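Residues per chain are reported as follows:
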Amino acid sequence: MTYPDNILFKVAKPARYTGGEWNSIVKDWCEADVRIAISYPDLYEIGMSNMALPILYRMLNSQPDVLAERVFAPWPDMAEAIRDAEIPLLSLESGRQLKDFDVIGFSLGYELTFTNVLNILHLSQIPVFSAERDDSHPLVIAGGSCALNPEPMADFIDLFVIGEVEEVITQLVSCFRSWRRNKLSKREVLLQTAAIPGIYVPSLYGVEYQTGGSFKSITPISPQASPTIKRQIAAQLPLPVTDPVVPYIEVVHDRGAIEISRGCTRGCRFCNAGIIYRPVRLQPREAVLTAVDDIIASCGYDEVSLVSLSTGDYPDIEKLVNDIAVRYKKQNLNISLPSLRIDSELVKLVGSLSSHRKMGLTFAPEAGSRRLQQVINKCIPEEELVKTAAAAFERGWKTLKLYFMLGLPTETEEDVESIAQLVNKVHALGKNFPVRRPQIRVSLSTFIPKPHTPFQWAAQEDEQQLSTKHEIVRAGLRRKGIRLSWQEPKFSLLEAVLSRGDRRVGQAIHRAWQLGACFDGWSEHFSYEIWLKAFGETGIDPAFYANRQRPLDEPLPWGHIDTGISMDFLKREYQHAIEGKETPDCRNGACNACGLEKTAKPCIEKVAERKVGGKKISGGDRR
Ligand code: SF4
């Protein structure tokens, strides 16, 4: 079952809503004990490129009595069509109404998809507020990186999975099973799930605020609720999904994706992922090679992507890539290596791969000056960037994309000027390639002080400050062959409020949605005016959440979420940042005692090993 033709014929790309794709799983509805609809709350083309959803889809559907189906956010033309026709939102596999499912699970990977969550619930004729849903409504759950500060969405979500779902899925599904079989009430199943490590049930906690208005505390109001919720860490990576659903329409990442490692310990102090996915876990080489074979056989892709936060750090990545390239020489398989660090050797490696797709190479220096690179702990010697760029141009790359951030803590005007100087040095290389002078694409984004990072206390700069800095870079880059793009800072200002907010921000999310906010991550739909109106009407001061420096002892709305990384480590790193002191990557050397040395298996083993080696471990150990 799916939507009637008179709906599908009038919307763009109806294949976003019809399902039936290769490798999609349609199970017998009546045979299933637990029925779960899973969603990445954005457009089909984005959601189908998300790495978490195929893992969840396989893990759930691999259980005989569990059925999992997908649903994504309908584009506004489709939302209007089904609203006008009073047809509720349907799942892709069986075309069932979402309100018929037992559970609706959202993967929250980007704050600017929050209003889409409310839209999906509303278009499914399900009350958006958790408190307004009774036993006749599905349980609404969420996970993903944004769940590490669950408070802004706490009024809409019944329970959050904090950390890696692989660790909790079995216990969670068994709770859902007993809920269905024993006809428990929603309250009873929430109390049961609250006892599972890594599960956060916001309704079992009370929130207090200081008289001045800032956040004070979150405390359990039920004995089943634990004061802190520990991030769940998979001891080892699950085997890659090698038979993902293959879309009929082009999606953002139209290729086979193999997760080769999870976690990164390079320690860039602005990077949330570098904290919430620690420690590093590797997919064994043989498992990667087998997965490449299987995904090509199962999906027919002519491109595979070796995915990780820092692909170049995978041990002997050159050999792995060469083995794959040799294995698939005849098929001319394209191997993409996203998130490559700036390294001329890696460029030579990528350069040796199939040549016909050398469109662009992307690097993220983030800061232009050495001083600021030490503050953010992402140090890339200028000569290495220039060498890497030269290696790329020599190997036929026509376009180099460089990412920088504006508004980083302690940033000075000189630091900003250094961005233009560095880009101009790379641009100058172009003269050695007169035939077709390489193009430099410079992309500026706005720093967001994210929760659980060493910069979680820092203030975000306001629009005026950022515009001034943008102007400095723009003035320094007026040259042929350099194109500058600047992500509209309002996106990042909103993202800062939604990622650093407390539970009160939920009211503004709801009001903004009522006022028409949806697809906030898309410039054609984003309206900052709607959000300013919503903030005004709900008494939320965005500057209070985004542009305010927080004292190191101020209670944080996400303080009850324990990522395993100690507050001491984060404060130490914050201090190092202010002093411009680097912290080496523990992957190649001593443990920096980030807090996981007490809890995470790989780290405990690492520390024990070094102990065995008779060398005393200290956080500040310099290599
Ligand atoms: S505990 Fe030590 S080894 Fe493990 S991630 Fe943290 S700093 Fe690295």
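Residues numbered from 1 in each chain as written. Predicted model: local features only at pLDDT ≥ 70, side-chain atom pairs only at ≥ 80, totals over all residues. Heavy atoms only, no water.

Notes on the domain arrangement of the protein chain
The parts lose accessible area when they come together, and the size of an interface is often stated as this lost area. For the protein chain, the assigned domains read domain 1 (5–225), domain 2 (255–356 + 585–623) and domain 3 (358–504 + 540–561 + 578–583). The gap between the C-alpha centroids of domain 1 and domain 2 is 31 Å. Taken together, both faces of the contact between domain 1 and domain 2 bury some 680 Å²; the carbon and sulfur share is 49%. It is M51, S145 and E164 that lose the most area in domain 1 upon contact with domain 2, and together they represent 62% of the buried surface on that side. Summed over the shared surface of domain 1 and domain 2, the result is three salt bridges. Across the salt bridge formed by E164 and R262, the nearest N and O atoms sit 3.3 Å from each other. For the pair domain 1 and domain 2, the interface holds five residue pairs in polar contact (both at pLDDT 80 or more). A per-class count over the side of domain 1 that touches domain 2 returns four nonpolar, two polar and two charged. (Domains from an automatic or database assignment. Buried area = accessible area lost by both parts, 1.4 Å probe. Salt bridge = Lys/Arg side-chain N within 4 Å of Asp/Glu carboxyl O. Polar contact = N/O pair within 3.5 Å; in protein donor to acceptor, adjacent residues only side chain to side chain. Nonpolar A, V, L, I, M, F, W, Y, C, P; charged D, E, K, R; others polar.)

Concerning the pattern of salt bridges
All chains considered together, the criterion is met by 43 salt bridges. For D33, the salt bridge goes to R181, with nearest N and O atoms at 2.6 Å. In this pair, D33 is assigned in the loop between α2 (15–18) and β1 (34–39) and R181 in helix α7 (residues 169–181), connecting sequence segments 148 residues apart. Given the relative accessible area of 52%, R181 is considered exposed. Across the pair R133 and D158 runs a salt bridge, and its minimum N-O distance is 3.2 Å. Of the two residues, R133 is situated in the loop between α6 (114–123) and β4 (139–143) and D158 in the loop between β4 and β5 (159–161); the sequence distance between them amounts to 25 residues. By relative accessible area, R133 is classed as buried at 5%. A network of salt bridges, in which partner residues are shared, links E164, E166, E259, R262 and R281. (Helix = DSSP H or I, 4+ residues; strand = E, 2+ residues; numbered from the N terminus. Buried < 20%, exposed > 50% of the residue type's maximum accessible area, 1.4 Å probe, protein only.)

Details of the sheet that holds strand β15 (residues 360–366)
Within the open sheet, the four strands sit side by side as β15-β16-β17-β18. Their pairing is parallel. Looking along the sheet, the strands with just one partner apiece sit at the ends: β15 and β18 (482–486). Averaged over all adjacent pairs, the angle separating strand axes in this sheet is 20°, with direction ignored. Inspection of the sheet shows strand β16 (residues 399–406) paired to strand β17 (residues 439–446) by eight bridges, in the parallel sense. What sits directly across from F404, in β17, is L444. (Pairing = 2+ DSSP bridges. Axes fitted to C-alpha atoms, helices over the stretch in contact; angles between N-to-C directions.)

A word on the site of the ligand
Near the ligand, the surroundings consist of T265, R278, C586, C591, N592, A593, C594, L596, E597, C603 and K606. When its residues are assigned to classes, the shell around the ligand shows six nonpolar, two polar and three charged. (Near = heavy atom within 4 Å.)

Some remarks on helix α19 (residues 528–538)
Counting along an α-helix, one turn takes 3.6 residues, and residues three or four places apart therefore face a common direction. What α19 keeps buried is the set Y528, I530, W531, A534, F535 and T538. Down the axis, α19 shows its buried residues gathered within 155° of arc, on one side only. Exposed residues pointing more than 90 degrees away from the buried face of α19 are listed as E529 and G536. Here the buried face of α19 lies against α6, α17 (489–500), α18 (505–514) and α20 (542–546). Phi for G539, located one or two positions after α19, is positive at around 70°. (Arc of directions from axis to C-beta. Contact = heavy atoms within 4.5 Å.)

Considerations on the sheet that holds β4
Strands sit in the order β2-β1-β3-β4-β5-β6 across an open sheet of six strands; the sheet is mixed. Whereas interior strands pair on both sides, the edge strands pair on one side only; in this sheet they are β2 (66–70) and β6 (199–200). Sheet topology places β5 next to β6; two bridges connect them, and they run antiparallel. Note on β6: the bridge partner recorded for V161 is I199. Contacts from helix α8 (residues 186–194) reach β4, β5 and β6, with the element oriented near 25° to β4.

Brief notes about unusual backbone geometry
A cis geometry characterises the amide bond from R278 onward to P279, with omega recorded as -5°. Topologically, P279 is positioned in the loop between α9 (273–276) and β12 (281–282). The phi angle at Q125 is positive, at roughly 60°, despite the residue not being glycine. By the secondary structure assignment, Q125 is in the loop between α6 and β4. Unlike most non-glycine residues, F519 shows phi in positive territory, near 45°.

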